[in-house]
Amino acid sequence: MSWIATIGLETHVQLRTESKMFCACSTGFGAPPNTHVCPVCLGYPGAMPVMNRRAVELTVRSGLMLGCEIPLYSKFDRKSYFYPDMPKNYQISQFDQPLCEGGGVDIALEGQPPRRIALTRIHLEEDVGKSMHFRQSSGVDFNRAGVPLMEIVSDPDMHTPAEAMAYLVALKQILLYAEVGDCNLEKGNMRCDVNISVAREDATELGTKAEIKNMNTFRGAFHALEYEIARQIETLEGGGRIVQETRRWDPDTQMTYSMRTKEDAHDYRYFPEPDLMPVELTEAQIDRWRAGLPELPAARRERMVEEYGIPPYDAAVLAADKRVGDYFEAVARQSGNAKASSNWIMTEMLRLLGEQELEISEVRVTVEALAGLIGLVDHGTLNSNSAKDVFAELFANGGDPQAIVAAKGLTQVSDTGAIEGLVQAAIDANPQSVEDFRNGKTKAAKFLVGQVMRVSKGKANPQMVGEMIERMLS
Amino acid sequence: MDNESMGFNFNSLTVHALQEQLQSGATTSVEAVTSLLAAIAERDGELKAYVTLDAEDALAQAAEADRRRADGEDAPLLGIPLAIKDVLNVTGQPCTCGSHILQGYIAPYDATAIAKLRQAGAVFVGRTNMDEFAMGGTTENSSLQVTHNPHDLDRVPGGSSGGSAAAVGGGIAVAALGSDTGGSIRQPASFCGCVGLKPTYGRISRYGLTAFASSLDQIGPMTHDVRDAALLLGAMAGVDPMDSSSVDCPVPDYTAALSGDLKGMTLGLPQEYFVKGVDPEVESAVRAAVARCRELGAEIREVSLPHTEYAIATYYVIATAEASANLARFDGVRYGRRAEGATDPIDMYGKTRAQGFGPEVKRRIILGTYVLSGGYHDAYYLTAQKVRTLIRRDFEQAFEECDALLSPVTPTPAYKIGEKVNDPLQMYLGDMFTATANLAGICGLSVPCGTTAAGLPVGLQIMGPAFGEEQILRVGHAYEQAEAGS
Ligand SMILES: [Zn+2]
């Protein structure tokens, strides 16, 4: 009898707000320690929280994107535990009445039918500070304390590390589409805790779970799950028992280690936060937010295939990043040539972005410039090789493609007389190739075209050259 | 015992009387504050009402007030000296909350109530003693000093705002601020013979009031007469964006409600507040006050608040639960006192809190932690919340037929110092007539209504519906004026 793993994820996402969850301090990243602090986020005597309405809106917006139910009434609670990075030694969170309930994330693994991973809930809470350890002492930076965090809790609804990975990728994509947060794992504004248990395939109950906290790379989560599943199976097969515990993933050793067991688990002593009023929403408010939602990535992929006639693979690549998708659609509309737009972006653009570690928003090639370049090729003004040079120039320095073509003298030669002379010269200079061609070696024609292009410094229209060679030799 | 100094009699000098003298130019704020400081120097040695006096700062504020007046300004409290319970944050001043754990803490900001009073021109003279973190009814739980009742130095001033009550009642403050979570303004006011007002929950911003029990705490004035309470309430009331529990309800001119008669008013006597266990002298003083109100035109009616007997248990569950979280922040990490010699953060918490908190605070933190803990939460905390709703409904029903309710403030007058220190349960029962108003979120006023044969003051409690401060101030004022004129 084989084993089946059951995986649930709790994903924390920092919301894109100007100010913290309960005070006016900045959420800016990278400031000197303890410069974005005030009596409220330092937990001074008498200071009180005031709710950031924008954070509530962004959480509900995420919930709407993920198909959650939005209750009209939700509330905040105090979650008590002592830790030096917690200014009040309780965290304001949501216990039993979160902002969003249910919902799901669609995933599609290769070779498997698509499925929806169910969500339990999404709630809003405040982040804690950051402990720092020095040689002689420790300190806490409270700049991050009070930053709004949204926690997305999945059902224990995944069974393989690959599913968990696909879930995280799809979730991140949707949240980026919703523009609720930067979801930048390196900056720590997206991280997750994984819950994992294994059981015999025919078991009616889930096995005892372990929780691995604070995974800050998707790859780490994947490897931690692989390791943990193997460890649990090995333990059980060896006659051992899994204890409910919190474990830590060490990326250096690629192993998990026990941090604390259930016996010393926290009793958080939740109770309703008396300093905040409950969140009461109206149907009209939720409808207004719903009306302002962007398209979901999956819907967009389908529409792009339909509207632009591009292959599903292209649509998936282009829609993976919302801003790349937006860029593509703008270029396709302006140039009227969706296939060429897709080709330019998928090959040249994404390659250069990857090489230079740039975001599409930082790119110098304007929508107008790329559409213009496509037009020059379509009208035969520029051959595809020269177009690549122009693109490289646009990518490096920006500008107008027409002007670059003029400045570099790249206008394609399509004058029959001029080309005829060049072709004749190439035939005369390469009798062996002519012989080969006549003996059925079509490759020889390509060689002759290459010779013409070389002599013309790439300006000859290669299609015309090819046709002319065939005509003159047959 | 008459603190006369440069013509001021601080035993009776009211805010409104001093206001007139300042407006007419008969005196200056610097003169008033100088002689008040002299009175404090003379009397506070035995009362021990103040924990911090910053004479230099007080005189500088007074001089500033006089300058503002010379410039033609006439803010409502311009130049009026006030004593502040040591639980409110005042920029640049300590705020010990009567605890060792806040040793060395200097407030970096003004509580909203303080900022409003500052705006209105008030001068903050000193900070008054209190039970540690407002937990207690005698001020004996202060870690700093024991305050004495001005009417009998062997007795407690009440608490937790005992320092403010002793200062006003003892003639070494013109008026003071207190805070009331279960009676902490009204009870010491009744013990010390002054007026104490606990406003409706949400009437005055709690921002900057160090929290004991967030859903019960309110700031309020402690004064020589009802008019002063009305004046100070008006200066502090109003919605505050920094306190989400403050209510956006118009702030009337409370002094305009002080008509001097009670014609057309119906006053209720909750039968559960006139029971065995109430000291006979207290009961007769309160009954006499009720008779006086009838003479002034009020209709008196018996009412019932049937869930009163559960109030103390309910109060102690909710208040301690909230306190256990509110006091978790005092850990020595960011401010206040930090224990030496700790081996790790958790050890530091343990040592800091063990050394920093007194026994009553520890008792309540443990109780509150227990009632919220897994397996007990529903039986205690949730049940208490349900009973709280029933208590609130009792009052709503009573206020359907009454404009205000009259009762004793406490079952007994002030006790001897040390008398109840070892009997916390007995002490908790002293809150039974006052904690209900906090649970229901309504307002309550304590007005002196005579003394016992031994000369100890007795207080009349006047409770009103939420945002019914005008009604209870009107009743208190009419009664007070009638007594003064008789
Ligand atoms: Zn802040």
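Residues numbered from 1 in each chain as written. Chains lettered and ligands numbered in written order. Predicted model: local features only at pLDDT ≥ 70, side-chain atom pairs only at ≥ 80, totals over all residues. Heavy atoms only, no water.

## Section: the overall build of chain A
The secondary structure content of chain A amounts to 15 helices and 16 strands. Along the first, second and third principal axes, the C-alpha set of chain A runs to 90 × 55 × 55 Å. Residue burial in chain A is summarised as follows: out of 474 residues, 50% are buried. Nonlocal contacts in chain A, meaning residues at least 24 apart in sequence, comprise 69% of its contacts between residues at least 6 apart. (Helix = DSSP H or I, 4+ residues; strand = E, 2+ residues; numbered from the N terminus. Buried < 20%, exposed > 50% of the residue type's maximum accessible area, 1.4 Å probe, protein only. Contact = heavy atoms within 4.5 Å.)

## Examining the sheet that holds strand S11 (residues 404-408) of chain B
Residue and element names in this part refer to chain B. Read across the open sheet, the eleven strands follow the order S3-S5-S4-S6-S8-S7-S12-S13-S11-S9-S10; overall the sheet is mixed. In this open sheet, the two edge strands, each paired with only one partner strand, are strand S3 (50-53) and strand S10 (299-303). Mean inter-strand twist for the sheet, computed between neighbouring axes without regard to direction, equals 30°. One ladder, built from three bridges, connects strand S7 (residues 195-198) with strand S12 (residues 443-451); its direction is antiparallel. Note on S12: the bridge partner recorded for Lys198 is Gly444. Contacting strand S9 (266-270), S10, S11, S12 and strand S13 (457-464), helix H8 (residues 280-295) runs over the sheet at an angle of about 50° to S13. (Pairing = 2+ DSSP bridges. Axes fitted to C-alpha atoms, helices over the stretch in contact; angles between N-to-C directions.)

## Examining the sheet that holds strand S3 (residues 77-80) of chain A
The three strands lie next to each other as S4-S3-S15 (chain A), forming an open sheet whose pairing is antiparallel. A single partner strand is all that each edge strand has here, and the edge strands are strand S4 (90-93) and strand S15 (271-272) of chain A. Examined bridge by bridge, S3(A) and S4(A) share four bridges and lie antiparallel to one another. The residue of S4(A) that forms the bridge with A:Asp77 is A:Ser93. Its contacts with the sheet place helix H9 (residues 311-326) of chain B against S3, S4 and S15 of chain A, and it is angled at close to 60° to S3(A).

## Looking at the coordination of the zinc ion
Distances from the zinc ion to its protein donors, A:Cys23 (SG), A:Cys25 (SG), A:Cys38 (SG) and A:Cys41 (SG), fall at 2.3 to 2.4 Å. One can describe the site at the zinc ion as tetrahedral: its four donor atoms subtend angles covering 100 to 114° at the metal. (Donors = N, O, S within 2.8 Å, 3.2 Å for Na, K, Ca; no water. Tetrahedral: all angles 85-135°; square planar, octahedral: opposite > 155°, others 65-115°.)

## Section: the side chain of A:Asn195
Residues and elements named next belong to chain A. Tracing the backbone through its elements, the reader meets Asn195 in strand S11 (residues 190-200). Note on Asn195: relative accessible area 12%, which makes it buried. Engagement of the side chain of Asn195 in a polar contact is seen with the side chain of Glu10, the distance being 3.4 Å. Once residues lying within four places of it in the same chain are set aside, the contact partners of Asn195 are Thr6, Ile7, Gly8, Glu10, Lys209, Ala210 and Glu211. (Polar contact = N/O pair within 3.5 Å; in protein donor to acceptor, adjacent residues only side chain to side chain.)

## Thoughts on helix H14 (residues 443-455) of chain A
For an α-helix, the turn length of 3.6 residues means that residues three or four places apart are oriented alike. All names here are of chain A. Under the 1.5 Å per step criterion, the end-to-end length of H14 is 19 Å for 13 residues, consistent within 8% with the ideal 18 Å. Residues Ala444, Ala445, Leu448, Val449, Gln451, Val452 and Met453 constitute the buried set of H14. Once H14 ends, the next one or two residues include Lys457, with phi positive near 55°. (Expected span 1.5 Å × (residues − 1).)

## Brief notes about a nonpolar patch on the surface
Residues and elements named next belong to chain B. On the surface, Tyr370, Tyr376 and Tyr380 cluster together into a nonpolar patch covering about 280 Å² of accessible area. Residue placement: Tyr370 occurs in helix H11 (residues 359-372). On the basis of relative accessibility, which here comes to 35%, the residue Tyr370 falls in the partly exposed class. (Patch = residues over 30% accessible without salt bridge, like charges linked within 9 Å, V, L, I, M, F, W, Y side chains within 5 Å. Areas by Shrake-Rupley, 256 points an atom, 1.4 Å probe, with all protein chains shown as cover. Salt bridge = Lys/Arg side-chain N within 4 Å of Asp/Glu carboxyl O.)

## A word on the pairing of S3(A)
Residues and elements named next belong to chain A. Going residue by residue along S3, you find Asp77 and Lys79 tucked away on one face and Arg78 and Ser80 tucked away on the opposite face as well. In this structure, S3 lies alongside S15, joined through two bridges in antiparallel fashion. Among the inter-strand pairings, Arg78 is bridged to a residue of S15, identified as Phe271.

## Things to note about the pattern of salt bridges
Residue and element names in this part refer to chain A. Evaluation of the coordinates by the stated rule reveals 52 salt bridges over all chains. The shortest N-O distance in the salt bridge between Lys88 and Glu126 comes to 2.8 Å. Here the residue Lys88 occupies a position in the loop between S3 and S4, and Glu126 occupies one in strand S7 (residues 115-126), the gap between them amounting to 38 residues. Classification of Lys88 by relative accessible area gives buried; the value is 9%. As a salt-bridge pair, Asp127 and Arg144 come within 3.2 Å of each other at their nearest N and O atoms. Of the two residues, Asp127 is situated in the loop between S7 and strand S8 (130-133) and Arg144 in the loop between strand S9 (138-141) and strand S10 (148-154); the sequence distance between them amounts to 17 residues. You can call Asp127 buried: its relative accessible area is 4%. In this structure, a network of salt bridges that share partners links the residues Glu295, Arg300, Arg303, Glu307, Lys322, Asp326, Glu329 and Arg333.

Distances and angles like these do not, on their own, reveal function.
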